[in-house]
Amino acid sequence: MSKIIRVGTRDSELALWQAKAVQQQLENLGHPTQLVPVKSTGDMVLDKPIYEMGIVGVFTRILDAAMLNNDIDIAVHSLKDVPTLLPQGIVQAAVLKRGNVRDTLVFKKNEEFLSQRDAVIATGSLRRKAQWLNRYPTHTIVGLRGNVNTRLQKLHDNEDWNAAIFAAAGIGRIGVRPQDAINLDWMVPAPAQGAIMITAREEDEDVLAICKEINHEETEICTTIERKFLNLLEGGCSAPIGALAFIKNEEVNFHGVLLSLDGTKKIEVTRTEKLGNHHNIAQFAADYVLERGGNRVMNELNESNRAVQVFSTRNLSELQRQLFKNVTVQSTDFLKISLNRIAKPILKSPIKNVIITSQNAVEAIIASVPKEELQFKNIYCVGRRTKRLIEKKIGKVKHSENYAKSLAAYLVEFIDGTEVTHFCSDIRLDELSKTLEKNNIKVNEVEAYKTILDSEKIDPNVEGVMFYSPSTVESYMINNDAEGKIAYCIGDTTAAEAKKHFKDVRVARIPTVESVIDLVNENYN
């Protein structure tokens, strides 16, 4: 074949490196080539995670179109970016020998954050996010998009980021891997990570024959198994799925994983077969995962991809999620709690009247002093769950109410003495203290924990927002607006704050998360 083979590629530095690697191998075999760079949607749109774009093959579509329009003869891709089902008329022509398959952690200063409770890790990959949270559940993941150099610069520019995750092959190929970066051997890579793929038109027999000359059979076998596993799980960019196959001693070894978005659920499978008997590995592994809870995880993932109707400013448990009827919900904590170390002399001294209005205060108290050393005579509290936690970890509650306002009214009438100690947050309503002091009851406030407002921008099409305290409303309003949305509130004080911003505010019958969920269900059913 004497004609010049037009090699289509994205125009990023990494994509050009990969295309030139293919070009060099073809020209070494005597086949003239010409690079044809194009820009993909994935390169142009950098303000959204890939999984939110709603495009199949976000990095490959433009090259597919160029090929079907006969503008290029072959296209070069990172195989992990290619959909498992190719467009009609386009086929896999070759896979080059695979590079480093691992994910790599690039950190800014040192590795100390790995042993700390709080750290910020950047990645735009759901798979990396889910596996990281599975291993480090208290860390925060932030989105990161762009080509390799752009992502490295973003890591450098963001002072509060500790590290970012990259594909080892990507940063290695263009020579920008920091010397102290570390490979994450525990993280299962994306199916076909580290492999370079060539596609061509199915009808172009001459080009297909040429590409076969540079095909690496071992890489082809392994990546085919990984991609079939991905396809059988019906996953893509929007599912946290990892897969790795490798050949050693004439055996094919496979490791696959499926996780929930938050990393709390993880289903793994391993399989080893003799080379030649390996063709059913992907089917076995997919069936194994689906039968052990994978079906439920995939259903949840598909559900999460639907348009969200309601957003909860508090992370919901699995049981709570199951209470929703015909409602799609997303949730995350819009408040972070930092427990204070309460001075031991305060806690070890006899206290006649104690007020506790939050489970967080209970945790702060018992984290500071063993319950045996506490000398609380009368304990008053707000909320049934706070009461249960107090009686489990501290002692008997003398009286509880659902609301602080109701507790204040009770104490004015029935308190034994004229002084109370209130274990509270740095952010709190003054209603309880004002009512008591107005009635000549002295209030000693002890800051047991700090409440940190920590909201994120949510989908503007969300129809309703669930709030559990005035602080969750404040946190929400930092990054979002209330226009056209319903506020579902756990109680009157929360509703009072919501009414400053929302026109439609609804209040639960009793102050529980489940009662707020009932409010939502009433609206949609």
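Just so we're clear, the structure is a prediction, and the values are computed from it rather than from any experiment.

Undergrad: I keep staring at the sheet that holds strand S11 (residues 241-248) and nothing clicks. Help me out?
TA: Backbone hydrogen bonds hold the strands of a sheet together, and the pairing may be parallel or antiparallel. Within the open sheet, the 3 strands sit side by side as S11-S12-S13. Their pairing is antiparallel. Edge positions in the sheet fall to S11 and strand S13 (266-274), since each has one partner strand and no second. Each adjacent strand pair in this sheet contributes to an overall mean axis angle of 10°, direction not counted. Bridge analysis of strand S12 (residues 251-259) against S13 gives 9 bridges, and the strand direction is antiparallel. Looking at S13, one finds that Gly256 is bridged to Val269. Lying over the sheet, helix H4 (residues 126-135) contacts S11, S12 and S13, oriented at roughly 80° with respect to S12. Running over the sheet, helix H8 (residues 217-232) touches S11, S12 and S13 and is turned about 150° from S11.

Undergrad: Mind showing me how you'd approach the sheet that holds strand S14 (residues 310-312) here?
TA: Spatial strand order, S15-S14-S22-S23-S24: 5 strands in an open sheet with parallel pairing. Looking along the sheet, the strands with just one partner apiece sit at the ends: strand S15 (329-331) and strand S24 (504-507). On average, each strand axis in the sheet is tilted by 20° relative to the strand beside it, whichever way the strands run. For S14 and S15, the ladder comprises 3 bridges, and the chain directions are parallel.

Undergrad: How should helix H12 (residues 359-368) be read in this particular structure?
TA: Residues lying three or four places apart along an α-helix face the same way, a consequence of the helix completing one turn every 3.6 residues. By the burial criterion, the buried members of H12 are Ala361, Val362, Ala364, Ile365 and Ser368. The arc that holds the buried residues of H12, viewed along the axis, is 165°, so those residues lie on one side. Here H12 starts with a cap whose side-chain oxygen sits 2.9 Å from the backbone nitrogen of Asn360, and that cap is Ser358.

Undergrad: What exactly am I supposed to notice about the packing of helix H14 (residues 404-414) against helix H15 (residues 431-438) here?
TA: The geometry of a pair of packed helices is captured by two quantities: the angle between their axes and the separation between those axes. It is the contact of H14 with H15, at a shortest axis distance of 9 Å, that shows an interaxial angle of 15°. By the criterion of interaxial angle, the relationship of H14 to H15 is roughly parallel. Relative to H15, the crossing made by H14 is right-handed. Packed against H14, whose contacting residues are Ala404, Lys405, Leu407, Ala408, Leu411 and Val412, the element H15 presents Glu431, Leu432, Thr435 and Leu436 at the interface. Looking at side-chain class alone, the contact of H14 with H15 contains 7 nonpolar, 1 polar and 2 charged residues.

Undergrad: For this particular structure, what's the right way to read the nonpolar core?
TA: Counting residues in each nonpolar core, the largest one holds 24 residues, and the members touching the most others are Ile225, Phe229, Ile241, Phe254, Leu258 and Val289. Those elements that provide at least two residues to this core are H8, S11, S12, S13 and helix H9 (281-305). The leading source of residues in this core is H9, at 8 residues. Judged by nonpolar contacts, the second largest core, of 22 residues, contains Leu347, Val354, Val446 and Ala448.

About the cut-offs
- Residues numbered from 1 in each chain as written.
- Predicted model: local features only at pLDDT ≥ 70, side-chain atom pairs only at ≥ 80, totals over all residues.
- Heavy atoms only, no water.
- Pairing = 2+ DSSP bridges.
- Helix = DSSP H or I, 4+ residues; strand = E, 2+ residues; numbered from the N terminus.
- Axes fitted to C-alpha atoms, helices over the stretch in contact; angles between N-to-C directions.
- Contact = heavy atoms within 4.5 Å.
- Buried < 20%, exposed > 50% of the residue type's maximum accessible area, 1.4 Å probe, protein only.
- Arc of directions from axis to C-beta.
- Polar contact = N/O pair within 3.5 Å; in protein donor to acceptor, adjacent residues only side chain to side chain.
- Parallel < 35°, antiparallel > 145°, perpendicular 65-115°, else oblique.
- Left-handed = near helix turned anticlockwise from the far one by under 90°.
- Nonpolar A, V, L, I, M, F, W, Y, C, P; charged D, E, K, R; others polar.
- Core = buried A, V, L, I, M, F, W, Y, C linked by side-chain atoms within 4.5 Å.

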